[in-house]
Amino acid sequence: MNVKKRGRLAIRRRTPPGSSPGTLVVDPAAIRPEVHLMRYGPEELVEQGVDGVDAIKKQLGQSPVTWVDVRGLGDLEFIEQLGDVFEIHGLALEDVVNVHQRPKVDEYEDHLFIVARMHLEDVTGGSEQFSLFLGKDYVLTFQERPGDCFEPVRNRIRQNLGRIRRSGPDYLAYALLDALIDVHFPVLERFGEVVEALEERVISQHRENLVAEIHQIKRGLLGSRRAIWPMREMMSSLTRDESTVISEQTRIFLRDCYDHTVQLMDMVETYREIAASLVDIHLSALSYRMNETMKVLTIIATIFIPLGFIAGVYGMNFNPEKSPWNMPELGWYLGYPFALGLMVLVAVGLVLYFKHKGWLGQRSRFVPRQIDI
């Protein structure tokens with residue numbers, strides 16, 4: 001039996017059960033990392049790709065802020081070496097390579113570890129893990145693959161726009177999280193367009209495959225909810241909890257990120273409720289259509305029941321010569337037109353009766369009534 005492959009919802013943990021904490025097992029399908037480094041201050045900017053940990057160590061401490069962006073998780077040795085350079089706890093590195101983590105914030109002695117979900121730009125609800133380490137003079141980020149939503153942040157650094165070059169690494173972390181959260185808005189807007197189009201089709205069409213399309217949208221919205229809901233808690237923790245690496249000025253901007261996550265959750269819940277109601281509307285429309293069909297068939301059957309009775313009575317063929325009560329109409333000159341006329345009269349009478357009762361009339365479309373508020 002052929003089974004259509006659908007979006008991945010199951011979580012595959014590659015660390016064997018019972019392994020010691022901090023055991024690193026990378027995905028065999030993960031791509032090898034590409035490292036992009038930016039270090040900057042108010043008056044300087046160095047941007048380059050780097051190969052190897054030694055090149056990264058030479059750049060650390062040279063500027064107020066150093067951003068090391070690792071794109072790809074397919075080199076376990078390199079990741080372990082980065083952990084030694086930045087003194088990252090083994091449990092945090094384990095969460096980096098196991099890319100099914102829930103968005104969260106973990107605080108260590110001299111740095112913060114933040115996990116978020118980066119939404120893919122489609123309506124499948126897919127996302128990838130984004131890991132960020134925030135220290136006193138650096139930001140270290142891990143992505144599953146090249147391609148992200150952070151190019152506007154890089155351009156602001158290159159062009160010295162806003163306050164990013166005059167601020168510390170905590171502001172850079174805020175800018176990255178803000179870009180990651182904002183990318184969810186256009187994705188959810190596309191969800192809204194698809195849901196609205198489906199709603200119109202559900203009302204005007206009655207096809208079975210609409211249920212499959214609605215279910216696919218519901219799965220996508222579920223994936224978005226799984227990514228956004230814990231990020232709201234994560235941003236709430238960043239704005240509420242005290243930290244040595246986040247200033248009070250940056251905490252104000254983080255509150256704006258928290259507001260955005262609240263808006264996103266409102267959008268997700270709204271679209272999920274609409275998508276859930278579409279199935280009920282679709283089933284109601286199908287039921288309405290079937291009721292209309294059954295009503296027409298019932299009326300036709302009701303009209304033909306007395307006609308069949310009349311035809312059956314005059315088809316009994318009792319011999320009128322044996323008794324004057326045996327079908328005297330068979331001997332009439334106009335007996336046959338009389339029987340047909342009686343049938344027509346009964347049929348017209350029933351139609352007029354049904355019309356008077358309102359059971360016959362123009363067939364109406366199933367359209368939900370709009371209420372003006």
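The structure contained in this document is the topic of the report that follows. (Residues numbered from 1 in each chain as written. Predicted model: local features only at pLDDT ≥ 70, side-chain atom pairs only at ≥ 80, totals over all residues. Heavy atoms only, no water.)

1. Comments concerning the overall build of the chain
Of the regular secondary structure elements, the chain holds nine helices and seven strands. Within the chain, contacts between residues separated by at least 24 positions form 66% of all contacts whose residues are at least 6 apart in sequence. Total accessible area on the chain stands at roughly 21,500 Å², and carbon and sulfur atoms take up 55% of it. (Helix = DSSP H or I, 4+ residues; strand = E, 2+ residues; numbered from the N terminus. Contact = heavy atoms within 4.5 Å. Areas by Shrake-Rupley, 256 points an atom, 1.4 Å probe, with all protein chains shown as cover.)

2. Quick word on the environment of D280
Along the chain, the position of D280 falls in helix α8 (residues 248-313). Each C-alpha atom of the pair D280 and V202 lies 9.9 Å from the other, and the pair is 78 residues apart in sequence.

3. Looking at the nonpolar core
The biggest cluster of nonpolar side chains holds 56 residues, and the ones touching the most others in it are F150, L172 and L176. When near neighbours in sequence (up to four residues on either side) are disregarded, F150 contacts W67, M118, F130, Q143, L176, A179 and L180. Ranked by size, the runner-up nonpolar core spans 25 residues in total, among them L37, V70, A92 and V96. (Core = buried A, V, L, I, M, F, W, Y, C linked by side-chain atoms within 4.5 Å. Buried < 20%, exposed > 50% of the residue type's maximum accessible area, 1.4 Å probe, protein only.)

4. With respect to a nonpolar patch on the surface
Judged by side-chain polarity, M290, M294, V296, L297, I300 and F304 come together as a nonpolar surface patch covering roughly 610 Å² of accessible area. With respect to the element layout, M290 can be found in helix α8. Residue M290 is classed as exposed on the basis of its relative accessible area, which comes to 55%. (Patch = residues over 30% accessible without salt bridge, like charges linked within 9 Å, V, L, I, M, F, W, Y side chains within 5 Å. Salt bridge = Lys/Arg side-chain N within 4 Å of Asp/Glu carboxyl O.)

5. Observations regarding the side chain of H36
Tracing the backbone through its elements, the reader meets H36 in strand β1 (residues 34-40). A distance of 2.9 Å separates the side chain of H36 from the side chain of E47, its partner in a polar contact. (Polar contact = N/O pair within 3.5 Å; in protein donor to acceptor, adjacent residues only side chain to side chain.)

6. Focus: the pattern of salt bridges
Taken as a whole and assessed by the stated rule, the structure comprises 19 salt bridges. Among the salt bridges present, the one from R71 reaches D69, with a minimum N-O distance of 3.0 Å. Between R154 and D69 there is a salt bridge, with the nearest N and O atoms lying 3.0 Å from each other. Linking R154 in helix α4 (residues 151-159) with D69 in strand β3 (residues 65-71), this pair joins segments that are 85 residues apart in sequence. Residue classification places D69 among the buried residues on the basis of a relative accessible area of 0%. Here the salt bridges share partners, and the residues they tie into one network are E47, D69, R71, D148, E151, R154 and R158.

7. Things to note about the sheet that holds strand β7 (residues 138-143)
If you trace the seven strands from one edge of the open sheet to the other, you get β2-β1-β3-β7-β6-β5-β4, paired in mixed fashion. The outermost strands of the open sheet, each flanked by one partner alone, are β2 (45-50) and β4 (104-107). Mean inter-strand twist for the sheet, computed between neighbouring axes without regard to direction, equals 15°. Pairing between strand β5 (residues 112-119) and strand β6 (residues 127-134): eight bridges, direction antiparallel. Considered in β6, the bridge of V115 is made with S131. Together, β4, β5, β6 and β7 form the strand contacts of helix α3 (residues 90-97), whose direction differs from that of β6 by roughly 155°. This element, helix α5 (residues 169-182), spans β1, β3, β5, β6 and β7 of the sheet and lies at about 170° to β6. (Pairing = 2+ DSSP bridges. Axes fitted to C-alpha atoms, helices over the stretch in contact; angles between N-to-C directions.)

8. Details of the packing of aromatic side chains
Throughout the structure, instances matching the rule amount to eight aromatic pairs. When the ring of F133 is compared with that of F142, the centres are 6.1 Å apart and the planes differ by 85°; the resulting orientation is edge-to-face. The class for F142 is buried, based on a relative accessible area of 2%. An aromatic cluster of three or more residues is present, and its members are F113, F133 and F142. Directly above the ring of W229 sits R225, whose terminal nitrogen or CZ lies 4.7 Å from the centroid. Sitting over the ring of W229, R232 keeps its end group 4.4 Å from the ring centre. (Phe/Tyr/Trp six-rings, centres within 6.5 Å; stacked < 30°, edge-to-face > 60°. Lys NZ or Arg CZ within 6 Å of the ring centre and 35° of its normal.)

9. Some details on the pairing of β5
Most of β5 sits out of view: eight of its eight residues are buried. The alternating pattern of β5 places L112, I114, A116 and M118 and F113, V115, R117 and H119 on opposite faces, both of which are buried. Sheet analysis places β4 next to β5, joined by four bridges and oriented antiparallel. In the sheet register, K104 faces β5, and the bridge partner there is V115. Hairpin remark: β4 followed by β5, antiparallel, with four residues in the connecting loop.

10. Topic: the packing of α4 against α5
Closest axis-to-axis distance for the α4/α5 pair is 9 Å, and the angle between their directions is 145°. Contacts between α4 and α5 pair V153, R156 and I157 from the former with Y171, L172, A175, L176 and A179 from the latter. Residues of the contact of α4 with α5, tallied by class, amount to seven nonpolar, no polar and one charged. (Nonpolar A, V, L, I, M, F, W, Y, C, P; charged D, E, K, R; others polar.)

11. Points about unusual backbone geometry
One non-glycine residue, E87, lies in the positive phi region at around 55°. With respect to the helices and strands, the residue E87 is situated in the loop between α2 (76-85) and α3. Overall, the relative accessible area of 57% leaves E87 in the exposed class.

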